[in-house]
There are 2 protein chains.
Amino acid sequence: MATIYDIAAKAGVSAMTVSRVINNTGKISDKTRAKVRRVMEELNYVPNHVARSLVLQQSKLLFLLITDITNPFYTTIARGAEDAAKKHGYRLLFGNSDENVDKEKDYIDAILATRADGVLIAPTGDLSLSNLERLRLHNVPFVLLDREVPGVGSDVVLGDTKEGARKLVEHLKSRGHSAIALINGSPTISSARLRLEGYREALKLNDLPFDDRYVLEMAFEPRSDLSEIENWLDRMTPPPTAIVAGNNVLAVEVIRTLAERGNRVPEHMSVVGFDDLGPYSEIDPFLTVIAQQAYQFGYLGMQMLVERIQERGESPLPWRKVVLPADLIVRRSVADAT
Amino acid sequence: MATIYDIAAKAGVSAMTVSRVINNTGKISDKTRAKVRRVMEELNYVPNHVARSLVLQQSKLLFLLITDITNPFYTTIARGAEDAAKKHGYRLLFGNSDENVDKEKDYIDAILATRADGVLIAPTGDLSLSNLERLRLHNVPFVLLDREVPGVGSDVVLGDTKEGARKLVEHLKSRGHSAIALINGSPTISSARLRLEGYREALKLNDLPFDDRYVLEMAFEPRSDLSEIENWLDRMTPPPTAIVAGNNVLAVEVIRTLAERGNRVPEHMSVVGFDDLGPYSEIDPFLTVIAQQAYQFGYLGMQMLVERIQERGESPLPWRKVVLPADLIVRRSVADAT
DNA sequence: CTGTTAGCGCCTTCAG
DNA sequence: CTGAAGGCGCTAACAG
């Protein structure tokens, strides 16, 4: 590929002049500018961001690290983050940690080595602490998405989980349900903890009993083995009439497990969940959900990240915590209890 | 951040020795190696890929450019591509063109500027030609996914679209349907063209009539405006008893449109489609689909890309075209016609 | 086994 | 308005 020296030689100017034309800096006569531009076209010049990053000590590259690229919640976040990054003149790279701390660590290493200017990250859970500390140590700004990590101060974008749990339980109660179970993510994830807390508080608030056996805590990520859910369903006597799912993946897994046992939703069991399914929510049985504003997660998070990057050196703002509302979308996955 | 010179100074060796330790090249005495390693730890050294890329003239960075990051078909491709890239020691960056040639062009520019070693790309359509020519001009290897572009020679991973169309139509016929409509993507996309062709051929093969009005061609990407579909549904007299959707997005949109008019699937209308919905297929009404092997798309594509990169200089292999089978998944979105 | 030299492509600084 | 020198962090090539 052509370099600024190739351009300079052919245009009969110095490399500096070419650099100035490219970056629109300094004063250049219209004539030389035109000539340089023409040669650039002829030679199909493409600026080399690698060399540029090396000398400028910044890459104009931001990184978005999510935990599940097949989950519409996170991909919608990605769309938002992409738009925000572009607006601020940054390019955005995505990574997928797969809910796995080790993969997350690999990505963190790659991010550091690539000299990305900042990171927007949905941490895998509390164990992400050391990974985030690594970012901090090397002074790479980051913003957390959807999950907080105890011991880490940073900006963070969260959903109003407790409010969401309350709305779900109240909705179920209004439809006559009192035996409400919860299938939730691992307690090593802050959002799962909050969902459990919210569930318990909501039960209390609604004078409903809390029963340990009605709660299943398992990994968020999809797995082919549904026996854990099956055992749980068997264990619950009397069986609940409704189930709250801690996220969309779990909701789908519960519905699938129920289907395999011949239990249809909502005829035999009502199911509600956190996080929407993207476009696919519209398909029967119109799962009732708390839809987090995924796009806003990405957009606001990216905005804050850019601000952090730009404040470099100035006196820093205090850590901010954005809590987005939890919107209940009532669809048809809930029937009246008999 | 610390550089190899910082390490070298503190360890009392030269920068080259440090470089050798980092890359495990040359012969280094165990003693100096250990010492260097220790200092690296102390200083929290992170190699600078930017500097490395500049001198090595290769980034070990691959790019995956897909057209819709919220579509499970493409995100599953991403998972496959990621695994394959990692296996070969490459890092993978994702981009999302949103079915938009201009966004695609922006990404191509960014890819060139970043000096990525290769690109795995699902082109937006035939108009991607100029973008791909730009990659070719600069000698950046690429592999096409899911769509071919007339005028571009390259490796490509495709689904067996015609076979898929045939299977869908035959399945519908076996359930008694004879009035079968098609909602399809834009004819500027090779896969859409093949789907239409396959549909026509399958009708003929099954002695079913082809009717222009039974075919709607529209953009693949999701849009809030469903009136186009509504008009089409109105236009068809007599109405079909079954609809084939050209991809999962269109399938969802049709089902949604039908729902809005009070038509349920499959009671009032049978719907089948191309591309699975990821985990969400399992939710009622168990949409019957041709499930393309999305993961394999990503995995094989990445494998071929890496081969292309590694063959640099040697006599090149001819362009390869991998066609993956079209698997029909019969679920419950089809009822017997009355 | 280890060190020196030079240069990847670009931009900052300082001179004209 | 334009150019020359130097360096960002690293490694290939050549010496020792």
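Just so it is clear, the model here is predicted, and its values are computed rather than measured. For every chain, the first residue of the written sequence is number 1, and numbering continues from 1 along that sequence. Chain letters and ligand numbers both follow the written order, the letters beginning at A and the numbers at 1. Given that this is a predicted model, residues contribute local features only at a pLDDT of at least 70 and side-chain atom pairs are listed and counted only at 80 or more, while totals for whole chains, interfaces and linings are drawn from all residues. Only hydrogens and water are set aside when side-chain values are computed; all heavy atoms of the structure are taken into account.

A. Structural view of the overall build of chain A. Across its full length, chain A carries 12 helices and 12 strands. Residues classed as buried in chain A amount to 55% of the 338 residues present. Excluding contacts between residues fewer than 6 apart, the proportion of contacts in chain A whose partners are at least 24 apart in sequence is 72%. Only runs of H or I of at least four residues qualify as helices and only runs of E of at least two qualify as strands under DSSP, and these elements are numbered from the N terminus. A simple rule labels every residue: compare its accessible area, found with a 1.4 Å probe on the protein chains alone, to the largest value its type can have, and call it buried under 20%, exposed over 50%, or partly exposed in between. In this analysis, two residues are considered to be in contact whenever any of their non-hydrogen atoms come within 4.5 Å of each other.

B. Here's a closer look at the relation of the copies chain B and chain A. C-alpha atoms of residues with pLDDT of at least 70 in both copies form the basis for the least-squares superposition of the copies. Each copy superposes on the other: chain B lies on chain A with an RMSD of 0.2 Å after a rotation of 180° and an axial shift of 0.1 Å. The superposition operator between the copies reduces to a two-fold rotation axis. Counting the interface residues of chain B, we find that 100% of their copies in chain A are interface residues as well, pointing to one common contact surface.

C. Layout of the protein's contact with DNA strand D. Of all residues adjacent to DNA strand D, which total 26 residues, the nearest are Thr17(A), Arg20(A), Ile4(B), Ser19(B) and Tyr45(B). Whether a residue is near a molecule or strand depends on its heavy atoms: it is near if one of them lies within 4 Å of it. Of all atoms in DNA strand D that approach within 4 Å of the protein, 61% are sugar or phosphate atoms. Throughout this description, a polar contact denotes any pair of N or O atoms lying within 3.5 Å of each other; where both atoms belong to protein, one of them has to be capable of donating a hydrogen while the other can accept it, and for residues adjacent in sequence the pair is counted only when both atoms sit in side chains. Between a phosphate oxygen of DNA strand D and a side-chain N or O atom of Gln57(A), the distance comes to 3.3 Å. The set of elements that each furnish at least two residues to the surface near DNA strand D consists of helix H2 (15–23) and helix H4 (49–56) of chain A together with helix H1 (4–11), helix H2 (15–23) and helix H4 (49–56) of chain B.

D. Fine view of the pattern of salt bridges. Criterion for a salt bridge: a side-chain nitrogen of Lys or Arg within 4 Å of a carboxyl oxygen of Asp or Glu. Applying the stated criterion across every chain, the model contains 28 salt bridges over all chains. Across the pair Arg79(A) and Asp98(B) runs a salt bridge, and its minimum N-O distance is 3.1 Å. Taken as a pair, Arg79(A) in helix H5 (residues 72–87) and Asp98(B) in the loop between strand S2 (91–96) and helix H6 (101–114) lie in two separate chains rather than in one. Via salt bridges that share partners, Arg79(A), Asp98(B) and Lys103(B) belong to a single interconnected network.

E. Main features of the confidence of the model for chain A. Residue-level confidence of the predictor is what pLDDT reports, using numbers from 0 through 100. Scored by pLDDT, chain A comes out at a mean of 82, with 82% of its residues at no less than 70. Considering each helix and strand of chain A separately, the mean pLDDT is smallest for strand S12 (residues 327–329) of chain A, with a value of 56, and largest for strand S7 (residues 215–217) of chain A, with 94.

F. The arrangement of the domain arrangement of chain A in detail. Residue and element names in this part refer to chain A. Domain delimitation in this document rests on an assignment produced automatically or drawn from a domain database. Segmentation of chain A into domains returns domain 1 (4–47), domain 2 (59–159 + 294–325) and domain 3 (161–292). Accessible area that two parts lose when put together, with a 1.4 Å probe and added across both, is what the buried area reports. For the domain 2 and domain 3 pair, buried surface summed over both sides reaches about 1200 Å², with 45% attributable to carbon and sulfur atoms. Linking Asp126 and Arg193 is a salt bridge whose minimum nitrogen-to-oxygen distance equals 2.7 Å. Across the domain 2-domain 3 interface, the total number found is four residue pairs in polar contact (both at pLDDT 80 or more).

G. Spatial organisation of helix H10 (residues 227–235) of chain B. All names here are of chain B. Restricting attention to buried positions, one finds in H10 the residues Ile229, Trp232 and Leu233. Here the buried residues of H10 occupy an arc of 100° about the axis, which is enough to place them on one side. The inward-facing, buried residues of H10 contact strand S6 (180–184), strand S7 (215–217), strand S8 (242–245) and helix H11 (248–260). As used here, the arc is the angular range of directions from the helix axis to the C-beta atoms.

H. Quick peek at the interface of chain B and chain A. Each partner contributes to the interface: chain B provides 54 residues, whereas chain A provides 54 residues. Between chain B and chain A, roughly 5000 Å² of surface is buried when both sides are summed, and carbon and sulfur atoms account for 65% of that area. On inspection of chain B and its partner chain A, the count reaches two salt bridges. The set of elements that each furnish at least two residues to the side of chain B that touches chain A consists of H4, helix H5 (72–87), S2, H6, helix H7 (129–137) and H11 of chain B. Per element, the largest residue contribution to the side of chain B that touches chain A is eight residues, and it comes from H5(B). Three classes are used: nonpolar for Ala, Val, Leu, Ile, Met, Phe, Trp, Tyr, Cys and Pro, charged for Asp, Glu, Lys and Arg, and polar for all others, with Gly counted as polar. For the side of chain B that touches chain A, the residue count by class is 28 nonpolar, 13 polar and 13 charged.

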